[in-house]
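The primary structure of each chain is shown beneath.
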Amino acid sequence: MLRSLRNFRWQEAVPRIAADFMIVHLSMIAAMAMSVVYQAGAGNAVAAYAIVSGFLQYYTVFFWVLSPIYPLVFLLNGFYTHSRAYAGRYKALVVLRGVVVAALIFFAANFLLFGYAKVGRSVALPFVALAAVGTASVRILKDLFEKRYLLKSKTTPSLARRGDWVLVVGGAGYIGSVLVERLLEKGYRVRVLDSLLYGDQPLRPVRSHPDFELIVGDCRNIQDVVRAVRGVDSIIHLAAIVGDPACDQDHGPALETNYAATRMLIEIAKGHGVSRFLFASSCSVYGATDVEMDENAAVEPISLYGRTKVDAERALLDARSETFHPTILRYATVFGLGYRPRFDLVVNLLTAKACQEGVITIYNGHQWRPFIHVRDLVEATVRVLETPVRLVSGEIFNLGDGRLNHTLTEVAEVIRSAFPDVRVEHIDSSDRRNYRVNFDKLLRRTGFRAQYTLRDGVDEIVKAFEERLITDYTDLRYHNQRYLKAVGSPAHKDEVDALVMAAFSNHSQDHTVFATAHASST
Ligand SMILES: NC(=O)c1ccc[n+]([C@@H]2O[C@H](COP(=O)([O-])OP(=O)(O)OC[C@H]3O[C@@H](n4cnc5c(N)ncnc54)[C@H](O)[C@@H]3O)[C@@H](O)[C@H]2O)c1
């Protein structure tokens, strides 16, 4: 329980603690009133009079002393700090548990401290019931209010408009190249800053588009970044060393690219008056958990990659201001065909193996992952860009669709439905990643629902093999870690880059995850 206090934030918690405190007091007043009415109605005027006359003394002295027990127990139960379990449908159970425990402690304390002033059953029972219903109802009402309010907001104009300049950092990758094409289709002017780690081929379809600009550069290089940021309205930051194995390959470039360069980009963006900043994080920040995670759940990444994402998220949220509006997008695991399909991602990899080798290996088949087709992910990203800023500024969104949470065994079943003869091997491994994710917030605020199923993705990869668009899935350029191992980690352009990155690696005390990661890398 005490671990949940790590995430305590006064500004967020105080209004909610005050609301719960008021509910508890109103519940006691209402329970007393109900008891008086009941006793009077039953012709028991003496008992009714006794409650009324004892009420003032009990309420003003004893109840005031004990009532903080409620918010205190709620706090320890993670109501105000978003413990890992305070998410999705588990939230109702956590609320129920908190209310019951608080009531038990309250009455035990009441009896022990002020035994003579204990309240009768006719007050105690309605009080417990009202307090439980009250605390649960405000939470439900808050959700309903949010839904109503958000529906209305859909009619208000968005900040991002056709013709705006959008900078896509890392726009030549698997996601970026599909995103760039979609933004151009929608009428945006698009600039890409990318060091072309995996080549420029993914951008070939858009290279001659009149509204497209490519800056071949490194997001760790201050001059490249300043050049790229100048004159843009929004930034979508995708550039990273992507995936656990690729980051583990060489910690230095991973920490610089994923964290320090993001911090530099934030400062340069703010300096140039860029108002919107969408950041590609990952659902892998949730680590290993059996609980369905929503955006309020505490993050516990179990890899360097996940830790760099968490620290970059914090840097962005800390940088939010009246004029700078960051939004964190925690992407589900991508599948499907793009201009740089990655075959180091589970659905694509298993499909390719089934197609070319007739056998697939499932590691830890019971583990959950959220999946999303690359075109759906791009669509959702564009929707967030086009959502009114007040609904997304400083917000975190899990980006995916709840219907695409699957166990790895289910993924194998989908592949087997496309390849009935495929042999499936199950193996247990030390990989602990396991997370099921709640995407309701994205649905509520943007209306996004995925169009593509896992099977759609499998089918289009199979078709790509049949049409010989892809001939060898083991080719290095489809695998981040293997590619970086073969060609070596991206070097700095000059010495200054190393110094600047070192400076941006020095962070506030809040970014302790990075500190741990950095320590373990040296
Ligand atoms: N693909 C997924 O399943 C997935 C899931 C969750 C989050 N994400 C996030 O989405 C983003 C894009 O992922 P992706 O799958 O397209 O990855 P990718 O590896 O295909 O693309 C990354 C791009 O960043 C560029 N890049 C890397 N270092 C750079 C640097 N120093 N300067 C400039 N450019 C640089 C690379 O050249 C590449 O084009 C990443 O931030 C990733 O963490 C991806």
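The structure presented is a predicted model; accordingly, all values stated were derived computationally and were not measured.

About the criteria used
- Residues numbered from 1 in each chain as written.
- Predicted model: local features only at pLDDT ≥ 70, side-chain atom pairs only at ≥ 80, totals over all residues.
- Helix = DSSP H or I, 4+ residues; strand = E, 2+ residues; numbered from the N terminus.
- Buried ≥ 20, exposed ≤ 12 C-beta atoms within 10 Å, placed from the backbone.
- Contact = placed C-beta atoms within 7 Å.
- Core = buried A, V, L, I, M, F, W, Y, C linked by C-beta atoms within 7 Å.
- Near = placed C-beta within 6 Å.
- Nonpolar A, V, L, I, M, F, W, Y, C, P; charged D, E, K, R; others polar.
- Pairing = 2+ DSSP bridges.
- Axes fitted to C-alpha atoms, helices over the stretch in contact; angles between N-to-C directions.
- Parallel < 35°, antiparallel > 145°, perpendicular 65-115°, else oblique.
- Left-handed = near helix turned anticlockwise from the far one by under 90°.
- pLDDT = per-residue confidence, 0-100.

## Points about the overall build of the protein
Phase 1: A count of helices and strands for the protein gives 19 helices and 14 strands.
Phase 2: Classification of the 522 residues of the protein by burial places 45% in the buried group.
Phase 3: The contacts in the protein between residues at least 6 apart in sequence include a share of 81% that link residues at least 24 apart.

## Describing the nonpolar core
Phase 1: Counting 112 residues, the largest nonpolar core has Leu167, Val168, Val169, Ile175, Leu329, Val334 and Leu377 as its most contacted members.
Phase 2: The dominant element in this core, judged by the number of residues it contributes, is helix H9 (residues 251-271), at nine residues.
Phase 3: When sequence neighbours within four positions are dropped, the list of residues in contact with Val334 reads Tyr174, Ile175, Leu345, Ile372, Val374 and Leu377.
Phase 4: Within the second largest apolar cluster, 25 residues are counted, among which are Met32, Val73, Leu75 and Phe79.

## Quick notes on the site of the ligand
Phase 1: The environment of the ligand is made up of 30 residues, and the closest members are Gly170, Gly173, Leu197, Tyr331 and Val334.
Phase 2: For the shell around the ligand, the per-class residue count stands at 17 nonpolar, eight polar and five charged.

## Some remarks on the sheet that holds strand E8 (residues 333-335)
Phase 1: In spatial order, the strands read E8-E10-E12; together these three strands make up an open sheet with mixed pairing. One side of each edge strand has no neighbouring strand; the edge strands of this open sheet are E8 and strand E12 (405-407). Averaged over all pairs of adjacent strands, the angle between strand axes in this sheet comes to 50°, irrespective of strand direction.
Phase 2: The pairing of strand E10 (residues 368-373) with E12 spans three bridges and is classified as antiparallel. Paired with Arg369 across the bridge in E12 is His406.
Phase 3: Running over the sheet, helix H12 (residues 374-386) touches E8 and E10 and is turned about 80° from E10.

## Re the environment of Gly402
Phase 1: With respect to the helices and strands, Gly402 occurs in the loop between strand E11 (395-399) and E12.
Phase 2: Owing to 18 C-beta atoms within 10 Å, Gly402 belongs among the partly exposed residues under this scheme.
Phase 3: When near neighbours in sequence (up to four residues on either side) are disregarded, Gly402 contacts Asn438 and Phe439.

## Some details on the packing of helix H6 (residues 174-185) against H12
Helix-helix packing is characterised by the crossing angle of the two axes and by the distance between the axes.
Phase 1: The contact between H6 and H12 brings their axes to 9 Å, and the two run at 55°. Between H6 and H12, the crossing angle belongs to the class labelled oblique. For the element pair H6 and H12, the recorded crossing hand is right-handed. Taking contact as the criterion, the partners of Tyr174, Ile175, Val178, Leu179, Arg182 and Leu183 in H6 are, on H12, Val374, Arg375, Leu377, Val378, Thr381 and Val382.

## Focus: unusual backbone geometry
Phase 1: For Leu196, which is not glycine, the phi torsion reads 55° and is therefore positive.
Phase 2: When you line up the elements, Leu196 lands in the loop between strand E2 (189-194) and strand E3 (212-216).
Phase 3: Overall, Leu196 belongs to the partly exposed group, with 16 C-beta atoms counted inside 10 Å.

## Side note on the pairing of E10
Phase 1: Burial runs high along E10: five of the six residues are buried.
Phase 2: As paired elements, E8 and E10 share three bridges and run parallel to each other. Across the sheet, the residue bridging to Thr333 is Phe371, located in E10.

## Some words on the pairing of strand E9 (residues 359-363)
Phase 1: Alternating positions in E9 separate cleanly, Ile360 and Ile362 being buried on one face and Val359, Thr361 and Tyr363 remaining unburied on the opposite face.
Phase 2: By the bridge criterion, five bridges tie E9 to strand E13 (residues 423-427) in an arrangement that is parallel. Paired with Ile362 across the two strands is His426, which belongs to E13.

## Notes on the packing of helix H14 (residues 408-418) against helix H16 (residues 454-466)
Phase 1: For the pair H14 and H16, interaxial distance at closest approach is 10 Å and the crossing angle is 50°. In terms of orientation, H14 and H16 fall into the oblique class. For the pair H14 and H16, the sense of crossing is right-handed. Counting all contacts with H14, which are made through Val411, Val414, Ile415, Ser417 and Ala418, the residues of H16 involved are Leu454, Arg455, Val458, Asp459 and Val462.

## Comments concerning helix H3 (residues 69-76)
Phase 1: Among the eight residues of H3, six are classified as buried, and the element is accordingly described as predominantly covered.
Phase 2: Taken together, the buried positions of H3 are occupied by Ile69, Tyr70, Pro71, Val73, Phe74 and Leu75.
Phase 3: Looking at the residues trailing H3, positive phi occurs at Gly78, about 85°.

## Concerning the environment of Asp440
Phase 1: Looking at the secondary structure, you find Asp440 in helix H15 (residues 440-446).
Phase 2: Between the C-alpha atoms of Asp440 and Asn398, which are 42 residues apart in sequence, the distance is 8.5 Å.

## Looking at the sheet that holds strand E7 (residues 325-331)
Adjacent strands of a sheet form backbone hydrogen bonds with each other and so pair up, either parallel or antiparallel.
Phase 1: With respect to topology, seven strands assemble into an open sheet ordered E3-E2-E1-E4-E5-E7-E11, the strand pairing being parallel. Here the strands that pair on one side only, and so sit at the sheet edges, are E3 and E11. With direction set aside, neighbouring strand axes in the sheet form an average angle of 20°.
Phase 2: Here seven bridges tie strand E5 (residues 276-282) to E7, and the two strands are oriented parallel to one another. Bridge pairing in E7 links Leu278 to Thr327.

## Section: the confidence of the model for the protein
Phase 1: For the protein, per-residue confidence averages 87 on the pLDDT scale, and 89% of positions sit at 70 or higher.
Phase 2: Low pLDDT (under 50) marks residues 151-158, which in the prediction has six contacts with non-local residues, meaning those over four places away or in another chain.
Phase 3: Note that residues 512-522 has pLDDT below 50 and, in this model, 16 contacts with residues that lie over four places away or in other chains.

## As for the environment of Pro388
Phase 1: Take Pro388: it is sitting in the loop between H12 and helix H13 (389-392).
Phase 2: On a C-alpha basis, the gap between Pro388 and Ala160 in space is 8.3 Å, while along the polypeptide they are 228 residues apart.

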